[in-house]
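Spelled out, the chains give:
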Amino acid sequence: QVQLVESGGGLVQAGGSLRLSCAASGGTFSSYSMGWLRQAPGKEREFLALISWSGTTYYADSVKGRFTISRDNAKNTVSLQMNSLKPEDTAVYFCAARHQFSSKYEYWGQGTQVTVSS
């Protein structure tokens, strides 16, 4: 069982930056691909970025060039650096883990709120 805890959310003005972190415990972190997703009120959960167990990164078009995902296997953490934030980035942000041999996310954090004011 993997436990995920996000941190780093908050209120920021448009154009600002935030860095989200997700701490993992209870599993072999380096065996998991880690993703960041978000959900805004009244909308479906949206994929943002993934870093595979081998370090390959993938981004949604909506955040490419503004968000950067990274991982530190020594510290069992995955981060999401968010720059040039827009009001439409306001959402609850989740980190999620899927085993390298799995096609779906198996573990989720509780989420952290990000609010971008205009």
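Our structure is the block above this text.
This section reports on the structure supplied with the text. Note that the structure is a prediction, hence the values are computed from the model and not measured. Residue numbers here run from 1 along each chain, matching the order of that chain's written sequence. Restriction of local features to residues with pLDDT of at least 70 applies here, the model being predicted, together with a cutoff of 80 or more for giving and counting side-chain atom pairs; totals for whole chains, interfaces and linings are based on all residues. Hydrogens and water molecules were not included; the side-chain quantities draw on all heavy atoms of the structure.

### Here's the deal with the overall build of the chain
Consideration 1: If you tally the helices and strands in the chain, you get 0 helices and 11 strands.
Consideration 2: Elements are defined by DSSP. Helices are runs of H or I of four residues or more, strands are runs of E of two residues or more, and each kind is numbered from the N terminus. Each helix and strand of the chain, ordered N terminal to C terminal, gives the series β-β-β-β-β-β-β-β-β-β-β.
Consideration 3: Only C-alpha atoms enter the radius of gyration; for comparison, a globular chain is expected to reach 2.2 Å times N to the power 0.38, where N is the number of residues. Compactness check: the chain gives a C-alpha radius of gyration of 13 Å against a globular reference of 13 Å for 118 residues, within 12% of the reference.
Consideration 4: Projected onto its principal axes, the C-alpha coordinates of the chain cover approximately 40 × 25 × 25 Å.
Consideration 5: Each residue's exposure class comes from its accessible area (1.4 Å probe, protein chains only) as a fraction of the maximum for that residue type: buried when under 20%, exposed when over 50%, partly exposed otherwise. Among the 118 residues that make up the chain, the fraction classed as buried is 42%.
Consideration 6: Restricting the contact set of the chain to residue pairs at least 6 apart, pairs at least 24 apart contribute 55%.
Consideration 7: A total accessible area of about 6,000 Å² is found for the chain, and carbon and sulfur atoms account for 48% of it.
Consideration 8: When the 11 positive and 8 negative side-chain charges of the chain are each reduced to one mean point, those points stand 3 Å apart. The criterion used for residue contact is that any of the two residues' heavy atoms lie within 4.5 Å. Residue exposure ignores everything except the shown protein chains as possible cover, and the areas themselves are Shrake-Rupley values with a 1.4 Å probe. A residue counts as positive if it is Lys or Arg and as negative if it is Asp or Glu; His and the chain ends are not included. The location of each charge is read from NZ of Lys, CZ of Arg, CG of Asp or CD of Glu.

### Structural notes on the sheet that holds strand β7 (residues 67-72)
Consideration 1: Read from one edge of the open sheet, 4 strands run β1-β3-β8-β7, paired in antiparallel fashion. Two strands in the sheet have a free side with no partner beyond their single neighbour: β1 (3-7) and β7. The average angle at which neighbouring strand axes cross in this sheet is 15°, direction not considered.
Consideration 2: Paired strands are those between which DSSP finds at least two bridges. Across 6 bridges, strand β3 (residues 18-25) lies against strand β8 (residues 77-82) in antiparallel orientation. Bridge assignment links L20 to a residue of β8, and that residue is L80. The axes used here are C-alpha line fits, helices contributing only the stretch in contact, and every angle between their N-to-C directions lies in the interval 0 to 180 degrees.

### Some words on the pattern of salt bridges
When their charged atoms lie close together, side chains carrying opposite charge are able to pair.
Consideration 1: The salt bridge definition used is simple: a Lys or Arg side-chain nitrogen within 4 Å of an Asp or Glu carboxyl oxygen. Tallied over the full model, the rule gives 4 salt bridges.
Consideration 2: Residues R38 and E46 are paired through a salt bridge, measuring 2.8 Å at the closest nitrogen-oxygen approach.
Consideration 3: You can call E46 partly exposed: its relative accessible area is 27%.
Consideration 4: Measuring nitrogen to oxygen at the nearest pair gives 2.8 Å for the salt bridge that ties D89 to R66. Note that D89 is positioned in the loop between β8 and β9 (91-99) and R66 in the loop between β6 (57-59) and β7, a separation of 23 residues in sequence. Taken individually, D89 and R66 each receive the classification buried, so the pair is uniform in this respect.
Consideration 5: Through salt bridges with shared partners, one network takes in R38, E46, R66 and D89.

### Observations regarding the side chain of E6
Consideration 1: Structurally, the position occupied by E6 is in strand β1.
Consideration 2: There is no salt bridge for the buried E6, and the closest opposite charge comes from R45, which lies 8.2 Å off by N-O distance.
Consideration 3: Polar side-chain contacts of E6 include one of 2.9 Å to the backbone nitrogen of C95.
Consideration 4: The term polar contact refers here to a pair of N or O atoms within 3.5 Å; inside protein, the definition further demands a hydrogen-donor-capable atom paired with an acceptor-capable atom, and it admits residues adjacent in sequence only when both atoms are side-chain atoms. At 3.0 Å, the side chain of E6 and the backbone nitrogen of Q110 are in polar contact.

### A word on the nonpolar core
Soluble globular proteins tend to bury their nonpolar side chains together.
Consideration 1: Among the nonpolar cores identified, the biggest contains 30 residues, and L4, M34, L80, M82 and Y93 are the most heavily contacted of them.
Consideration 2: Of all elements in the fold, only β3, β4 (32-39), β5 (46-51), β7, β8, β9 and β11 (112-117) reach the threshold of two or more residues within this core.
Consideration 3: Other than its neighbours up to four places away in sequence, Y93 contacts E6, L20, L37, R38, L48, F67, L80, M82, G111, T112 and V114. Working definition of a nonpolar core: buried Ala, Val, Leu, Ile, Met, Phe, Trp, Tyr and Cys residues. They are joined through side-chain atoms within 4.5 Å.

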